[in-house]
Amino acid sequence: PPSMYPAFQATHITKYFTRTLTHRLLTHLTMAAFLAQSMSLSSTMSSFAGSRMATPTSAPVAARVAGLTIECAHKKGAGSTKNGRDSRAQRLGVKVYGDQEVKAGGIIIRQRGYSVHCGPNTFVAKDYTIHSKIDGVVRFKKTAMKKSVYVEEAEEVEYDRTADTRKNRRLAKFPPRDSILAAAQ
């Protein structure tokens, strides 16, 4: 019992009991083998002929059990869980909606499968993501058979430099470099 060995750690006590149990088991098996052998010799005496009969004997039991070892558990008994993981979301769906501007190569829709089809000025990637071929405005079209998306070229809007905006005030205070270089030549 562990109370007899307070100075030892649990592992030393386990090893001690394993060795003791193995030794006791081998001793008992050896004695059992010896008794079985002696009984088999006496039982082979023939009362009729008065002679002994030859009986095949197997290897001693102690030799067969010599490889027997008693081991403790290899894993913790405490509850570590095999769950507790999750994959990141796939971030599917519409990225640029109708009447919004998109740049060339920009992602319009990420999808699994071909649920929304490509229209003019769009192309589909190998994972069914729909991209824009040109700079423009996204439009969606739905018919009885399928949904599709296409891109229209954006109308060129000339920037009004006379309006009183923050950008125009900054341009007046800090003119662009190319305008300074053009004035110097």
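Let me begin by describing the structure that accompanies this report. Position numbers for residues count from 1 along each chain, tracking the sequence in the order it is written. With pLDDT at 70 or above as the cut-off, local features in this predicted model cover only qualifying residues; side-chain atom pairs require 80 or more to be listed or tallied, and sums for whole chains, interfaces and linings still use all residues. With hydrogens and water stripped out, all remaining heavy atoms of the structure feed into the side-chain values.

Here we look at the packing of aromatic side chains
Move 1: Put simply, two rings from Phe, Tyr or Trp (the six-membered ring, in Trp's case) pair if the centres are within 6.5 Å, and we call them stacked under 30 degrees between planes, edge-to-face over 60, tilted for the rest. Evaluated as defined, the whole model comprises 1 aromatic pair.
Move 2: Considering the side-chain rings of tyrosine 114 and tyrosine 128, the 6.2 Å spacing of their centres and the 40° angle between planes classify their relative orientation as tilted. Of this pair, tyrosine 114 sits in the loop between β3 (107–110) and β4 (116–118) while tyrosine 128 sits in the loop between β5 (122–124) and β6 (130–132), and the two are 14 residues apart along the sequence.
Move 3: For tyrosine 114, a relative accessible area of 35% translates into the label partly exposed.
Move 4: Charge-over-ring contacts are defined here by two conditions on Lys NZ or Arg CZ: a distance within 6 Å of the ring centre and an angle within 35 degrees of the ring normal. The ring of tyrosine 159 has lysine 167 lying over it, and the distance from NZ or CZ to the ring centre is 4.6 Å. Helix and strand assignments come from DSSP, with helices taken as H or I runs of at least 4 residues and strands as E runs of at least 2, each series counted from the N terminus. Accessible area is worked out with a 1.4 Å probe on protein chains only. A residue is then buried under 20% of its type maximum, exposed over 50%, and partly exposed in between.

A few points about the sheet that holds strand β2 (residues 101–102)
Move 1: The 4 strands are arranged β2-β7-β8-β4 in an open sheet whose pairing can be described as mixed. The strands lining the two open edges of the sheet, one partner per strand, are β2 and β4.
Move 2: DSSP-based pairing: two strands are paired if at least 2 bridges between them are found. As paired elements, β2 and strand β7 (residues 136–142) share 2 bridges and run antiparallel to each other. Paired with glutamate 101 across the strands is valine 137, a residue of β7.

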